[in-house]
Amino acid sequence: MTTSTTSATIINHFIGGVETSGQGQDTKPVYNPATGEITAELRLANAADLEATVAAAKTAAHTWGDTSLAKRTAVLFRFRELVAAHVDDLAELITAEHGKVLLDAKGEIARGLDVIEFACGIPELLKGDYSDQVSTGIDVFSFREPLGVVAGITPFNFPVMVPLWMAPMAIATGNAFILKPSHRVPSAAMLLAKLWKLAGLPDGVFQVLHGDRAVVSGLLTHPDVDGISFVGSTPVARHIAEVAAKNGKRVQALGGAKNHAIVMPDADLDHAADHLAAAAFGSAGQRCMAISVAVAVGDAADLLVKKVEERALNIKVGNGTEPGADMGPVISPESREFICKTVAAAEAAGAAMIVDGRDVIVPGHEEGFWVGPTVIDHVKTEMSAYTEEIFGPVLAVVRVEDLAAGIALINANPYGNGTAIFTSSGADARKFQRSVDVGMIGINVPLPVPVAYHSFGGWKASLFGDKHIYGPEGVSFFTRGKVVTSRWPEPAHASGASYNFPSN
């Protein structure tokens, strides 16, 4: 890894409608993981910057929450068009700082656009209920109001999609939103902030605050922050949920995953192998919905492993900007070291190395953070290659005798984010979907990420809090219900109050 800086770029915050360096003096380097070079320095907020951001959000939330749904949706429609017009710009920023190939970067933006489009329908989504004449002359109606100030703490692996899972929902429902993106991928967040402003969003409704643990802690404990939405690792998600809840905040914290895909002997093995390779190695395996465990059932195992091996060996690893590249680097040298260490431990424990990507070198990019597609067979559940969320391009193959054993394996795992089955049996598919303790299930679909009008979220150690992200549950998370019991008596009948609880 080189420490030379190829650009003097300074990445600032976006507070109160303007790009600003803030008062914090500390910085962190931003790398291009394909080259290992430092491309920018990121400003880190201090306590004063945090206070200024929350104060601006609190002021903006009062006005924005009272803004008509017609005006809110007008902003959302304009924002949607601006994001669509800047897909190439956003994708280039993603690839430069994350490393994923450009087509994959554009794919994540497309999924973010889906959520913006769903949020554009907020007038329908916020319709309340009305009950006429529940008692003599008394009506009851309910509606939902925004929380106020909410913060989103997002991971490095989806610099655009995950912020767009949160912000459009929060803003459409009338909140002010503070984004604290990963320090590894800050630039796309800044462009999103500028697009919100161009769309006509009032200053302070969407802000970007860069920082370290002190900023996260400040958001979790600040009395004027009403809600926290988080996506990241399970240990951090658990901490976020505990601290935020202790400080009286609504919280949704999405954690890690160990996603299994069962492959039955009756499956189309070419179809299964194609999708296993894509789901395991796409984005260098740095997806919370990546398939990292192939559960090969009975006679499917040997042929499946051979087919996945063929596909893994044909994957082109390279700079995400290069035409034809299928997979880019991992995010950091630390990530590469952890992945390689975990693979080595599996090999030492007796697992079979089918494809070994630890020594991959990309010519002209020797300082990049490279790990190639890796397939390990005969993995046992006590191996770290199975127990750890590797978050890299590693597919572990576990062999089981039958579907029941595969389901038991999945249910014994502490995570419950996503899972899949490849089969031609409707009976097996139905048994699987009803038996696994997992929040998102694919049937002959390897990455069962719900569309925007459903909600995303797992079970067990993959989710802390009771609300999934975006979709109908996203609307519910960013709002709270209010019920009004109303009576408008005629003056002649205004008296007659009773000490008894009225019932008719």
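None of the values given here were measured: they were computed from a predicted structure.

**Here we look at the overall build of the protein chain**
Point 1. From N to C terminus, the protein chain includes 16 helices and 23 strands.
Point 2. The C-alpha atoms of the protein chain give a radius of gyration of 25 Å, which matches the 23 Å a tight globule of 504 residues would have.
Point 3. Along the longest, intermediate and shortest principal axes, the C-alpha atoms of the protein chain span 85 × 60 × 40 Å.
Point 4. The buried share of the protein chain, taken over its 504 residues, is 55%.
Point 5. Considering only contacts within the protein chain whose residues lie at least 6 apart along the sequence, 72% involve residues at least 24 apart.
Point 6. Entry remark: accessible area of the protein chain is about 20800 Å², with carbon and sulfur atoms responsible for 53%.

**Let's talk about the sheet that holds strand E16 (residues 374–377)**
Point 1. Judged by pairing direction, the sheet is mixed, and its seven strands sit side by side in the order E15-E16-E17-E14-E13-E19-E20 without closing on themselves. Of all strands in the sheet, those bounded by a partner on one side alone are strand E15 (352–355) and strand E20 (440–443). For this sheet, the mean angle separating the axes of adjacent strands, direction not counted, is 20 degrees.

**Quick word on the sheet that holds strand E6 (residues 129–135)**
Point 1. The strand order E6-E7-E23 describes an open sheet built from three strands, whose pairing is antiparallel. Every interior strand has two partners, whereas the edge strands, E6 and strand E23 (479–487), have only one. Strand after strand, the sheet turns through a mean of 25 degrees between neighbouring axes, direction not considered.

**As for helix H3 (residues 87–97)**
Point 1. Within H3, burial applies to Val87, Leu90, Ala91, Ile94, Thr95 and Glu97.
Point 2. Backbone geometry just after H3 places glycine 99 at a positive phi near 105 degrees.

**Some remarks on the environment of valine 400**
Point 1. Looking at the element boundaries, valine 400 is found in strand E17 (residues 394–400).
Point 2. Residue valine 400 is classed as buried on the basis of its relative accessible area of 14%.
Point 3. Separated by 105 residues in the primary sequence, valine 400 and valine 295 place their C-alpha atoms 6.8 Å from one another.

**Quick notes on the confidence of the model for the protein chain**
Point 1. Averaged over the protein chain, the pLDDT score is 95; the fraction of residues at 70 or greater is 96%.
Point 2. For the stretch residues 1–7, pLDDT sits under 50, and the model shows 20 contacts to residues farther than four places along the chain or on other chains.

**Quick notes on the packing of aromatic side chains**
Point 1. Within this structure, the stated rule accounts for 11 aromatic pairs.
Point 2. Ring centres of phenylalanine 79 and tryptophan 196 lie 3.6 Å apart, and the angle between their planes is 10 degrees; this geometry places the pair in the stacked category. Of the two residues, phenylalanine 79 sits in helix H2 (residues 69–85) while tryptophan 196 sits in helix H7 (residues 187–198), which places them 117 residues apart along the sequence. In terms of burial, phenylalanine 79 and tryptophan 196 fall into one category: buried.
Point 3. Pairing tyrosine 130 with phenylalanine 141 gives two aromatic rings, centres 6.0 Å apart and planes at 10 degrees, and the pair type is stacked. On the criterion of sequence distance, the pair formed by tyrosine 130 in strand E6 and phenylalanine 141 in strand E7 (residues 138–146) is long-range, its members being 11 residues apart.

**Quick notes on the pattern of salt bridges**
Point 1. If you walk through the whole model with that rule in mind, you get 20 salt bridges.
Point 2. In this structure, lysine 58 engages aspartate 224 in a salt bridge whose closest nitrogen and oxygen atoms are separated by 3.3 Å. Taken as a pair, lysine 58 in helix H1 (residues 47–65) and aspartate 224 in the loop between helix H8 (213–221) and strand E11 (227–231) lie far apart in primary sequence, 166 residues in all.
Point 3. For arginine 80, the salt bridge goes to glutamate 117, with nearest N and O atoms at 2.8 Å. With arginine 80 in helix H2 and glutamate 117 in helix H4 (residues 102–119), this residue pair connects regions lying 37 residues apart in the sequence.
Point 4. The class of arginine 80 is partly exposed, set by a relative accessible area of 21%.
Point 5. In the salt-bridge network here, residues are joined through shared partners; they are Asp270, Asp274, Lys307, Glu310 and Arg311.

**Examining the side chain of threonine 53**
Point 1. Structurally, threonine 53 is set in helix H1.
Point 2. The residues contacting threonine 53, other than those within four sequence positions of it, are Ile15, Ile178, Gln207 and Leu209.

**Observations regarding the packing of H4 against helix H6 (residues 161–172)**
Point 1. As a packed pair, H4 and H6 sit with axes 8 Å apart at the nearest point and diverge in direction by 10 degrees. Compared by their axis directions, H4 and H6 come out roughly parallel. Of the residues in H6, those touching H4 at Glu108, Arg111, Gly112, Leu113, Val115, Ile116, Phe118 and Ala119 are Met161, Leu164, Trp165, Pro168, Met169 and Ala172.
Point 2. Looking at the contact of H4 with H6 residue by residue, the classes come out as 11 nonpolar, one polar and two charged.

**Concerning the environment of lysine 197**
Point 1. Along the chain, the position of lysine 197 falls in helix H7.
Point 2. The exposure class of lysine 197 is partly exposed, given its relative accessible area of 38%.
Point 3. Separated by 19 residues in sequence, lysine 197 and isoleucine 178 place their C-alpha atoms 14 Å apart.
Point 4. Sequence-distant contacts of lysine 197, that is, excluding residues within four places in its chain, are made with Phe14, Gly17 and Asp203.
Point 5. Within the structure, the side chain of lysine 197 is placed 3.3 Å from the backbone oxygen of glycine 17, a separation counted as a polar contact.

**Focus: unusual backbone geometry**
What you tend to see is this: most non-glycine residues have negative phi, and most peptide bonds are trans.
Point 1. Residue glutamine 133 is not a glycine yet carries a positive backbone phi of 55 degrees.
Point 2. Position of glutamine 133 relative to the elements: it lies in strand E6.
Point 3. With phi around 55 degrees, lysine 460 is a residue other than glycine that occupies positive phi space.
Point 4. Mapped onto the secondary structure, lysine 460 falls in strand E21 (residues 459–460).

**Looking at the packing of H2 against H6**
Point 1. The N-to-C vectors of H2 and H6 enclose an angle of 155 degrees; their axes lie 10 Å apart at closest approach. With respect to H6, the element H2 is oriented roughly antiparallel. Within the contact between the two elements, H2 uses Arg72, Leu76 and Phe79 and H6 uses Leu164, Pro168, Ile171 and Ala172.
Point 2. Looking at the contact of H2 with H6 residue by residue, the classes come out as six nonpolar, no polar and one charged.

How each quantity is defined
- Residues numbered from 1 in each chain as written.
- Predicted model: local features only at pLDDT ≥ 70, side-chain atom pairs only at ≥ 80, totals over all residues.
- Heavy atoms only, no water.
- Helix = DSSP H or I, 4+ residues; strand = E, 2+ residues; numbered from the N terminus.
- Rg over C-alpha atoms; globule rule 2.2 N^0.38 Å.
- Buried < 20%, exposed > 50% of the residue type's maximum accessible area, 1.4 Å probe, protein only.
- Contact = heavy atoms within 4.5 Å.
- Areas by Shrake-Rupley, 256 points an atom, 1.4 Å probe, with all protein chains shown as cover.
- Pairing = 2+ DSSP bridges.
- Axes fitted to C-alpha atoms, helices over the stretch in contact; angles between N-to-C directions.
- pLDDT = per-residue confidence, 0-100.
- Phe/Tyr/Trp six-rings, centres within 6.5 Å; stacked < 30°, edge-to-face > 60°.
- Salt bridge = Lys/Arg side-chain N within 4 Å of Asp/Glu carboxyl O.
- Parallel < 35°, antiparallel > 145°, perpendicular 65-115°, else oblique.
- Nonpolar A, V, L, I, M, F, W, Y, C, P; charged D, E, K, R; others polar.
- Polar contact = N/O pair within 3.5 Å; in protein donor to acceptor, adjacent residues only side chain to side chain.

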